[in-house]
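Breakdown of the fold
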Amino acid sequence: MAIHRDHELHGRRFGRNLGLGLVLGAFVALIFGLTVVKISHLKEGKLPQAEATQ
Amino acid sequence: MSDLSAIDHGQEAGFGDYVQLLKPRVMSLVVFTAMVGLIVAPVPVHPFVAFTAILFIALGGGASGALNMWYDADIDRVMRRTASRPIPAGRISEGEALGLGLALSVLSCLMLGLASNWFAGAFLGFTIFFYVVVYTMWLKRSTPQNIVIGGAAGAFPPMIGWAVATGGVAPESLLMFALIFMWTPPHFWALALFMKDDYSKAGVPMLTVTHGRAATRKHILVYTILLAPVAVALSLTSIGGPVTLVAAIVLNALFIAGAVRIARREETAAEADHYKAEKAFFRFSLAYLFLHFGALLVETSLAPFGLGGW
C-alpha cells in the first residue's frame, strides 16, 4: 500500500479532532454563559437586601 | 491480527462513531420529555439555565447509552440490527466506550447539579444507574419483563426536568413518569412482533420468544388499557387542561382500538400482510407520546392569554 501524505485515515482523525475541539469550545462557552447568568441573578437577589440594611 | 490492523483504514473511528455511541435517537425523546417536564413546572427557570440543564440531561442519557453499548457488545455482535454499531463493527473498543460512558455520566450529573440543583443532579445519576445496572446488567438477560421495568429508565427524564425547576417531586411529575412507563411495553412489544430479531440466539428473553406471540398481543392490549386512566389523570392535574383532556381521550381511544386489532389478529394473517397493523400501531405509539407531551406544552403556552389549564 502506497504511503500518501493525506491518507483517508488522516481525514477521519482530523474530523475527530475538529469535533472534539468544537465540543470543548462549546463547553467553555456554556460554563461562561452559566456563570454570567448565575452571578447576575445573585446580584439581583442580593442588592435589595443590601440596600435595606444600609 | 497484526498491530497494523488497528490503524487500518476504515477501522479508525470518526467523530460520528462517538456520537452514535450516545444513541442520538433515544436522546431526542429524552430531550423532548425533559424539556416539557421543565417548562410545565410551576417554577420559572432562566432560559439559559434551562437550556444547559436539558443539554446535560441529554448527555447523561447519552452516557448511559454508551455504557449500555459497552455491556451489550456481545449481544449486539449476534443480532443483525445492531451488528453495525461502533463496538461490534470494531471502530471503537469496549474499554473506550466504558471510559467515555463513565466520564460523561459523572460530568453530566455534576454539571446538572451545578446548573440547577443537587436533587436533579442526583436524580440523573440514579436514572443512569437504573438504566445501566438495573436494566442492562440485571434484568435484560434474566426476565421477559425486562421491557416493563427497563421502561422506567426512559420515563424518568420529565421528572428530572420537573426537578430542575422545583427541586423535588410532585404528583404531576409522577404522572408524567407513569405515562411513559405504561406506554413503553406496548410500544416495544409491537416492535418485537414485526422486527423478529434473533433475541433467543443472543440470550435475551423476549416476551415474543418466552411466552409466544399470541401472549405478547394480549400483553399489549392489557398495558394499553391500563395506560388510558394514567393519561386522563394527568390531564386532570394542575398542568393539564381541556386541550390535554381532549387529546388524552382521542389518543387513548385510537391506541386501544389499535391494540384490540393487534390482539385479535392471528399470526398467519399478520404475516400475510407483512405486519401492517403492528407497524401502524408502532408508528402511532410514537405520535401518541409526542402529542401527549405536546398538549401539556400547549396548556402552558396558552396560560399567558388566560387560556389553557383548569
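Conventions we followed
Residues numbered from 1 in each chain as written. Chains lettered and ligands numbered in written order. Predicted model: local features only at pLDDT ≥ 70, side-chain atom pairs only at ≥ 80, totals over all residues. Heavy atoms only, no water. Domains from an automatic or database assignment. Contact = heavy atoms within 4.5 Å. Buried area = accessible area lost by both parts, 1.4 Å probe. Polar contact = N/O pair within 3.5 Å; in protein donor to acceptor, adjacent residues only side chain to side chain. Helix = DSSP H or I, 4+ residues; strand = E, 2+ residues; numbered from the N terminus. Nonpolar A, V, L, I, M, F, W, Y, C, P; charged D, E, K, R; others polar. Axes fitted to C-alpha atoms, helices over the stretch in contact; angles between N-to-C directions. Parallel < 35°, antiparallel > 145°, perpendicular 65-115°, else oblique. Left-handed = near helix turned anticlockwise from the far one by under 90°. Salt bridge = Lys/Arg side-chain N within 4 Å of Asp/Glu carboxyl O. Patch = residues over 30% accessible without salt bridge, like charges linked within 9 Å, V, L, I, M, F, W, Y side chains within 5 Å. Areas by Shrake-Rupley, 256 points an atom, 1.4 Å probe, with all protein chains shown as cover. Core = buried A, V, L, I, M, F, W, Y, C linked by side-chain atoms within 4.5 Å. Buried < 20%, exposed > 50% of the residue type's maximum accessible area, 1.4 Å probe, protein only. Phe/Tyr/Trp six-rings, centres within 6.5 Å; stacked < 30°, edge-to-face > 60°.

Focus on the domain arrangement of chain B
A common measure of how large an interface is: the accessible area buried when the components associate. All names here are of chain B. Entries for chain B in the domain assignment read domain 1 (16-166) and domain 2 (170-310). The C-alpha centroid of domain 2 is placed 21 Å from the C-alpha centroid of domain 1. Domain 1 puts 30 residues into the contact, and the matching count from domain 2 is 35 residues. A combined buried area of about 2800 Å² lies between domain 1 and domain 2, and 80% of that area is made up of carbon and sulfur atoms. Viewed at the interface, domain 2 and domain 1 are joined by two residue pairs in polar contact (both at pLDDT 80 or more). Breaking the side of domain 1 that touches domain 2 down by element, the ones donating at least two residues are α2 (24-40), α4 (73-78), α7 (146-155) and α8 (157-166). A breakdown of the residues in the side of domain 1 that touches domain 2 according to their chemical character gives 19 nonpolar, eight polar and three charged.

What about the packing of helix α9 (residues 171-195) of chain B against helix α15 (residues 276-302) of chain B?
Residues and elements named next belong to chain B. At a minimum axis distance of 8 Å, the contact between α9 and α15 shows a crossing angle of 165°. The angle between α9 and α15 places the two elements in the roughly antiparallel class. Handedness of the α9/α15 crossing: left-handed. Along the contact surface, α9 presents Met 176, Leu 179, Ile 180, Trp 183, Pro 186, His 187, Ala 190, Leu 191, Leu 193 and Phe 194, while α15 presents Glu 278, Lys 279, Phe 281, Phe 282, Ser 285, Leu 286, Tyr 288, Leu 289, His 292, Phe 293 and Leu 296. Residue composition of the contact of α9 with α15, grouped by class: 16 nonpolar, three polar and two charged.

With respect to the pattern of salt bridges
Pairing between side chains of opposite charge can happen when their charged atoms approach one another. All names here are of chain B. Per the counting criterion, the structure on display carries 11 salt bridges over all chains. Of the charged contacts, one joins Glu 267 and Arg 213 as a salt bridge, the two residues approaching to 2.8 Å between their closest N and O atoms. Pair noted here: Glu 267 is in helix α14 (residues 267-272) and Arg 213 is in helix α12 (residues 213-235), with a separation of 54 residues, a long-range link. A salt bridge links Glu 267 to Arg 217, with the shortest nitrogen-to-oxygen separation between them at 3.0 Å. Of this pair, Glu 267 sits in helix α14 while Arg 217 sits in helix α12, and the two are 50 residues apart along the sequence.

Quick look at a nonpolar patch on the surface
All names here are of chain B. A contiguous nonpolar surface patch, about 420 Å² in accessible area, is contributed by Val 106, Leu 110, Leu 114 and Trp 118. Top element by residues in the nonpolar patch is helix α5 (residues 94-115). It accounts for three residues. The topology assignment puts Leu 114 in helix α5.

A closer look at the nonpolar core
In summary, soluble globular proteins display a tendency toward joint burial of nonpolar side chains. Residue and element names in this part refer to chain B. With 102 residues, the main nonpolar core has Leu 112, Leu 179 and Phe 293 as its most contacted residues. Considering each element in turn, this core owes the most residues, 13 residues, to α9. Both of domain 1 (16-166) and domain 2 (170-310) provide at least three residues apiece to this core. Not counting chain neighbours up to four residues away, the residues in contact with Leu 179 comprise Leu 227, Val 230, Ala 231, Leu 234, Tyr 288, Leu 289, His 292 and Phe 293.

Details of the packing of aromatic side chains
Each aromatic ring pair is specified by the distance between its two centres and by the angle formed by the two planes. All names here are of chain B. Scanning the model with the defined rule gives 17 aromatic pairs over all chains in all. Each ring, one from Phe 126 and one from Phe 130, has its centre 6.0 Å from the other, and the planes form 55°; the classification is tilted. Within this pair, Phe 126 and its partner Phe 130 are both found in helix α6 (residues 118-139), separated by four residues, close to a single helical turn. Judged by its relative accessible area of 13%, Phe 130 is buried. An angle of 80° between the planes, with centres 5.8 Å apart, marks the rings of Phe 194 and Phe 282 as edge-to-face. Highlighted residues: Phe 194 in helix α9 and Phe 282 in helix α15, separated in sequence by 88 residues. The pair formed by Phe 194 and Phe 282 is uniform in burial state, with each residue classed as buried.

Observations concerning the interface of chain B and chain A
The partner chain A presents 19 residues to the 22 residues of chain B that form the contact. At the junction of chain B with chain A, the criterion picks out two residue pairs in polar contact (both at pLDDT 80 or more). Those elements giving two or more residues to the side of chain B that touches chain A turn out to be α1 (15-21), α3 (47-71) and α5 of chain B. The element contributing the most residues to the side of chain B that touches chain A is α3 of chain B, with six residues. The class makeup of the residues in the side of chain B that touches chain A is 13 nonpolar, six polar and three charged.

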